[in-house]
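Observations on chain architecture
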Amino acid sequence: MENKEIILSVRDLNVKFSLRGKVLHAIRGIGMDLYKGESLAIVGESGSGKSVLTKNFIGLLDNNGWIDSGEILYYGMDPQHPVDLAKLKTDEEWRDIRGKHVAMVMQDPMTSLNPLKTIGWQIGEALKLHQNLRGEAARKKAIDILSDVGIPEPERRYSQYPHEFSGGMRQRVVIAIAMACNPRILVCDEPTTALDVTIQAQILHLIKELKEKYALTTIYITHDLGVVANVADRIAVMYAGDIVEVGCADEVFYDPRHPYTWALLSSLPQLGIKGRDLYSIKGTPPNLFHPIRGDAFAARNPQALKIDFLHRPPYFEISATHKARTWLLDPRAPKVDPPEHIKNIRNIRKNMTGGQCNG
Amino acid sequence: MAEQAREVLLQVRDMEVTFGKGRKKFVAVKGVSFDIFKGETFGLVGESGSGKTTIGRAIIRINPISRGEVFFKGQRINGKISRALDKSVTQSIQMIFQDPMASLNERAKVDYIVAEGLINVHPEMPRAKREEQVSEALSEVGLLPEFASRFPHEFSGGQRQRIGIARSLIMEPQFIIADEPISALDVSIRAQVLNLLSKLQKERGLTYLFIAHDLSVMRFICDRIAVIRTGTIVELAKTEKLFEHPLHPYTRALLSAIPMPDPDSERTKVLEIYDPTRHQYENDPPVWVEIEPEHFVLGNEQELADYRARLAK
């Protein structure tokens, strides 16, 4: 793990939004590293800030939001002199990064394509801007990329419009446009939420293939833990604008430590027992308009300690790659048993080897 | 549920639903038949465009049926029916919709949204009684009765779905069609709504038709599952049987694509891809067969022989 090169490093990032005259604290002091060539999954419920966090990497924060403090260091241009993405303001400043270094695949392929332009034109636009290809050269390249993303008959498809494509094929086109910029980091924001299960599996497979072929670093944003198990080397669990647990996929799935991760995993119907109630998390996420005291999840955590309501927990390291923000890991904390499901999962994988992520 | 004394609540016979006319005619549901027993949860699973929602809407008479019949407690309820029957069917079959953001009237307060059905069916009911029933329905789904005076936009997605459930409960239905009731909700809220649905089923002896695309949820909640593709049911079985011995290639493809929250099994998973051209149905048309007790599948002679061989293994 130590010899892995960091490509993007987020340091104590705070993002705020102004809404109806009130200030919403969407990202509350996040620090994380992204390693070159890995695939990181960011998991969380809607409103946990997972999209907001990654939008900062590409400069697409909504107009009413701003970075209050913190740095986002990008090492992809020059490893010795990282660029602080948090300082970039205008579109001109962003142009070198956006697309060429960090590209994004949006959730809904129905709305992220221009219905009035052909597929070829839309891919060509990216090629013109980022690789300075025009005319026949651009056309050839676009057709190459189309067949790369698994679209049959790329010559014929090149001159078709988005409405002539099915949902899955449209998502392939969106990926093709992102790939046309030849990016280093590909951010996939819920890439398969709008798709059918069988198509979802195919698209995930495609992204994995492209990642291998072009040595991409990928970030998946999703709320579906099944998808995460399929694609991620490392997982970051977000709750109320903070990363509460981060570790290798195996560590987070087989040896989760934060009560919120326990709750998320236990409430999956895949792990439920028929005829019995599913584990469900009480209440709703906290309101980020108000300052949060202590652990944000404490109010919904039936096993919360007193200190959870008073002080925000620091990260406790479980292994070199696995850490969680919960007081339960403090040596002074009482021993709290995780729910039944989690214990069952743990028993399957008793001999966990920490500190090594696949991929 | 006792095996022998199962009472059929709803029968669908050879249902066909067509949209458009003449050259633009599109057959969304092609001759579908199934029975739903009293007190069970019957699942209808398929991908977008398979016609699963259309079947639900046709049962509740939103979409007219172009051929076939629907029987509810032995009485035909499609086509022209008497006013009294119409009223009783309206009351006893209710629907829960997918998107709680879109299915509630934004300009009405919660008390009106929940009471609307009562106002239509029992206009003579005194106001005080109605209000009492509204607050009862709200507390039954885990909402505070005070919420009655609020507007839908003041609620979160999970709470709105609860309002949608309260709205159908107040009619005291026997049969509820739940069309993707949890797809639009967050993971942690899904469990709450699923638990609520099964609690209500136990308490009131409700029968559900559960329409979804997500087989992992189906496995948890359904007693029997029908798999539908392009308007035709291809396989129908008890949930455990379907997961143990999926026979039709489409069912197998669907099952293989379920994402499991387990990195080990995901790494070794083999995807099955369904190719509809694999069927040679020109000379040997498919038939609907009960291949083992309570396990139905669609296939032609040759395919059925394969399926039997697989079951014998």
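Residues numbered from 1 in each chain as written. Chains lettered and ligands numbered in written order. Predicted model: local features only at pLDDT ≥ 70, side-chain atom pairs only at ≥ 80, totals over all residues. Heavy atoms only, no water.

1. What about the overall build of chain B?
- A count of helical and extended segments in chain B gives 11 helices and 12 strands.
- The C-alpha atoms of chain B give 21 Å as radius of gyration, which agrees with the globular expectation for 313 residues (20 Å, within 12%).
- Each principal axis of the C-alpha atoms in chain B carries an extent, and together these give about 65 × 50 × 45 Å.
- Across the 313 residues of chain B, 52% fall into the buried class.
- Of the contacts formed within chain B by residues at least 6 apart in sequence, a portion of 64% connects residues at least 24 apart.
- Approximately 14700 Å² of chain B is accessible, and the part contributed by carbon and sulfur atoms is 49%. (Helix = DSSP H or I, 4+ residues; strand = E, 2+ residues; numbered from the N terminus. Rg over C-alpha atoms; globule rule 2.2 N^0.38 Å. Buried < 20%, exposed > 50% of the residue type's maximum accessible area, 1.4 Å probe, protein only. Contact = heavy atoms within 4.5 Å. Areas by Shrake-Rupley, 256 points an atom, 1.4 Å probe, with all protein chains shown as cover.)

2. Considerations on the pattern of salt bridges
- Per the counting criterion, the structure on display carries 28 salt bridges over all chains.
- Between Arg67 of chain B and Asp14 of chain B there is a salt bridge whose closest N-O contact spans 3.3 Å. With a gap of 53 residues between them, Arg67 of chain B in strand 4 (residues 67–72) and Asp14 of chain B in strand 1 (residues 8–19) connect regions that are remote in the sequence.
- Judged by its relative accessible area of 41%, Arg67 of chain B falls in the partly exposed class.
- Taking the relative accessible area as the measure of exposure, Asp14 of chain B reaches 35% and is therefore partly exposed.
- In this structure, the salt-bridge partner of Asp86 of chain B is Arg61 of chain B, at a minimum N-O distance of 2.8 Å. Note that Asp86 of chain B is positioned in helix 2 (residues 83–92) and Arg61 of chain B in the loop between helix 1 (52–59) and strand 4, a separation of 25 residues in sequence.
- Residue classification places Arg61 of chain B among the partly exposed residues on the basis of a relative accessible area of 29%.
- Each of Asp242, Arg312 and Arg325 of chain A takes part in one network of salt bridges that share partners. (Salt bridge = Lys/Arg side-chain N within 4 Å of Asp/Glu carboxyl O.)

3. Digging into the interface of chain A and chain B
- Facing 41 residues of chain A, the contacting portion of chain B comprises 36 residues.
- Sorting the residues of chain A by area buried against chain B places Val197, Gln270 and Lys274 of chain A first, and these three jointly supply 19% of that buried surface.
- Between the two partners, chain A and chain B, sit 1 salt bridge.
- Note that Arg267 of chain B is salt-bridged to Asp250 of chain A, the shortest N-O span being 3.0 Å.
- Mapped by element, the contributors of at least two residues to the side of chain A that touches chain B are helix 7 (197–214), helix 8 (225–231) and helix 9 (249–254) of chain A. (Buried area = accessible area lost by both parts, 1.4 Å probe.)

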